[in-house]
Amino acid sequence: MGALIAGLVAGYGIAVPVGAVGAYLVSLTARAGLKAGLSAALGVAAADGLYALVAAAGGAALVPVLQPVLLPLRWVAALVLVGLAVRSGMTAIRQYLLVQAQGGRAEEGGAAVSGGRAFFGFLGITLMNPATIVYFAALVLGGQAVSDPTVLEQVLFVGGAFAASASWQLLLAGGGALLGRALTGRRGRLATGLTSSTVIVALALHLLVTAG
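Throughout, residues of each chain are indexed from 1 in the direction in which the sequence is written. With pLDDT at 70 or above as the cut-off, local features in this predicted model cover only qualifying residues; side-chain atom pairs require 80 or more to be listed or tallied, and sums for whole chains, interfaces and linings still use all residues. Note that the side-chain values use all heavy atoms of the structure and ignore hydrogens as well as water.

J.: Looking at this structure, how should I read the overall build of the protein?
T.: Regarding its fold elements, the protein presents 9 helices and 0 strands. Going from the N terminus to the C terminus, the protein shows its helices and strands as α-α-α-α-α-α-α-α-α. Working definition: with a 1.4 Å probe on protein chains only, accessible area under 20% of the residue-type maximum means buried, over 50% means exposed, and in between means partly exposed. Residues classed as buried in the protein amount to 42% of the 212 residues present. The contact rule is simple, with two residues in contact once any of their heavy atoms fall within 4.5 Å. For the protein, restricting intrachain contacts to residue pairs at least 6 apart in sequence, the fraction spanning at least 24 positions comes to 90%. The protein chains shown are the only cover counted for residues, whose accessible areas, like all others here, come from Shrake-Rupley with a 1.4 Å probe. Carbon and sulfur atoms form 71% of the exposed surface of the protein, whose accessible area is close to 10,400 Å². A helix here means a DSSP run of H or I that spans at least four residues, while a strand means a run of E at least two residues long, and both kinds are numbered starting from the N terminus.

J.: Looking at this structure, how should I read the side chain of Thr29?
T.: Its place among the elements puts Thr29 in helix α2 (residues 20-32). According to the relative accessible area criterion, Thr29 is buried, its value standing at 1%. Here a polar contact is taken to be a pair of N or O atoms separated by no more than 3.5 Å, where protein atoms must pair a possible hydrogen donor with a possible acceptor and residues adjacent in sequence count only if both atoms sit in side chains. Reaching out from Thr29, the side chain makes a polar contact with the backbone oxygen of Leu25 at a distance of 2.8 Å. Beyond its immediate sequence surroundings of up to four residues, Thr29 is in contact with Leu34, Gly37, Ala173, Gly176 and Ala177.

J.: What exactly am I supposed to notice about the nonpolar core here?
T.: Generally speaking, soluble globular proteins have nonpolar side chains that are buried together. Counting 15 residues, the largest nonpolar core has Leu25, Leu28, Ala40 and Phe122 as its most contacted members. Contributions of two or more residues to this core are made by α2, α3 (34-58), α6 (115-127) and α8 (151-182). Once residues lying within four places of it in the same chain are set aside, the contact partners of Phe122 are Val21, Tyr24, Leu25, Leu28, Ala40, Gly43 and Val44. We define the nonpolar core as a collection of buried residues of types Ala, Val, Leu, Ile, Met, Phe, Trp, Tyr and Cys that are connected through side-chain atoms lying within 4.5 Å of one another. Ranked by size, the runner-up nonpolar core spans 6 residues in total, among them Ala10, Phe157, Val158 and Ala161.

J.: Looking at this structure, I do not really get a nonpolar patch on the surface. What am I missing?
T.: What goes into a patch is any residue over 30% in relative accessible area without a salt bridge, connected to like charges within 9 Å or, for nonpolar side chains (Val, Leu, Ile, Met, Phe, Trp, Tyr), within 5 Å. Whenever Lys or Arg places a side-chain nitrogen within 4 Å of a carboxyl oxygen from Asp or Glu, that contact is recorded as a salt bridge. A cluster of nonpolar residues, Leu34, Leu38, Leu42, Phe162 and Leu170, forms a patch on the protein surface that exposes about 360 Å² of accessible area. Those elements giving two or more residues to the nonpolar patch turn out to be α3 and α8. Counting residues per element, the nonpolar patch draws most heavily on α3, at 3 residues. Considering the arrangement of structural elements, one finds Leu34 in helix α3. Taking the relative accessible area as the measure of exposure, Leu34 reaches 37% and is therefore partly exposed.

J.: Sorry if this is basic, but what is going on with α6 here?
T.: Two residues of an α-helix separated by three or four positions point the same way, owing to the 3.6 residues in each turn. Each residue after the first adds 1.5 Å to the expected span of a helix. Over its 13 residues, α6 runs 18 Å from end to end, which matches the ideal 18 Å to within 8%, given 1.5 Å per residue. What α6 keeps buried is the set Gly115, Ala118, Phe122, Leu123, Ile125 and Thr126. One side of α6 carries all its buried residues, which in axial view fall inside an arc of 165 degrees. As used here, the arc belongs to the directions running from the helix axis to the C-beta atoms.

J.: Just to check I follow, could you spell out the packing of aromatic side chains for this structure?
T.: Here a ring pair, both rings aromatic, is described through the centre-centre distance and the interplanar angle of the planes. Each aromatic pair joins two rings of Phe, Tyr and Trp (for Trp, the six-membered one) with centres within 6.5 Å, and gets the label stacked for planes under 30 degrees apart, edge-to-face for over 60, and tilted for any other angle. Counted by the stated rule, this structure contains 2 aromatic pairs. Here the aromatic rings of Phe119 and Phe120 are separated by 5.1 Å at their centres, their planes lie at 90 degrees, and the arrangement is edge-to-face. With a relative accessible area of 24%, Phe119 lands in the partly exposed category. Taking relative accessible area as the criterion, Phe120 reaches 55% and is therefore assigned exposed.

J.: Can you help me understand the environment of Gly160 in this one?
T.: For Gly160, the location among the structural elements is in helix α8. Each C-alpha atom of the pair Gly160 and Ile5 lies 6.8 Å from the other, and the pair is 155 residues apart in sequence. Those residues within four positions of Gly160 in sequence are excluded, and the remaining contacts are Leu4, Gly7 and Leu8.

J.: For this particular structure, what's the right way to read the environment of Ala163?
T.: If you trace the backbone, Ala163 turns up in helix α8. Residue Ala163 is classed as partly exposed on the basis of its relative accessible area of 38%. Linking Ala163 and Ala45, residues 118 residues apart in sequence, is a C-alpha distance of 7.6 Å.

J.: I keep staring at the environment of Ala161 and nothing clicks. Help me out?
T.: Summarising the element assignment, Ala161 is placed in helix α8. On the basis of relative accessible area, Ala161 is assigned to the buried category, the value being 0%. Residues Ala161 and Tyr12, spaced 149 residues apart in sequence, show a C-alpha to C-alpha distance of 7.3 Å. Dropping the residues within four chain positions of it, Ala161 is found in contact with Gly7, Leu8, Gly11 and Ala52.

This is the structure we're talking about:
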C-alpha cells in the first residue's frame, strides 16, 4: 500500500502543475474534440507511467546517466516546444482564414486528429520533456521512489503514478472540451490557438533561461 500511495503522490506531483504539455492538451481538445483530447491525455499518462517504472526499477543507477544529458535535452525540448507553438498558431490562423473565406461558417468539431496520432504524439512530447525527467530523477535522488522494490511494489508504484497522472490529464482534456464548446466562433478558436502558442513559447524561453 505504501508503494501505491508513493506512486499516486509522484503522479499528481508531476501532473498537477500545468506546463507546456498541459496547455497544448487543453488547446488540442478545444480545437479537435474530446476523443482526441482523451487519447492525448492517456499518452501523457503513459509517459509518466514509463518514467515511474524507470525510477522504481533503475533507482540511483540512473542518476549519473541522466546528469550529462540534461542540458542538451533542455535545448532540444525547447526547440520542440517552439515548433509546437508555431504549428498551433499557424493552424489556428489557417482555420480562421479558411472559415472567413467560406463566409464565416465554422465547421463543427475543429481540426481532425485521430486518437492514435494524439496518443503517440503526446507520448513522445512528454517522454522528451526535461521537466518530467528531472522530476523522476529527483524522486530517485531524494529516495522518494520505492527503494529495492519487489515486483509487486514496482507494479503498485507505477500503477499509482499512471492513475494519478491519467485522472488529472483527463480532467484537463474535459476542460478543453468545454472550452471548445464555449468558443465555437472563428475568433474564439483563433484566440485559443494563439494564446496556447504564446504560453508554450514563454515556457520554452523559460526552459532555455534556466538551462544557462
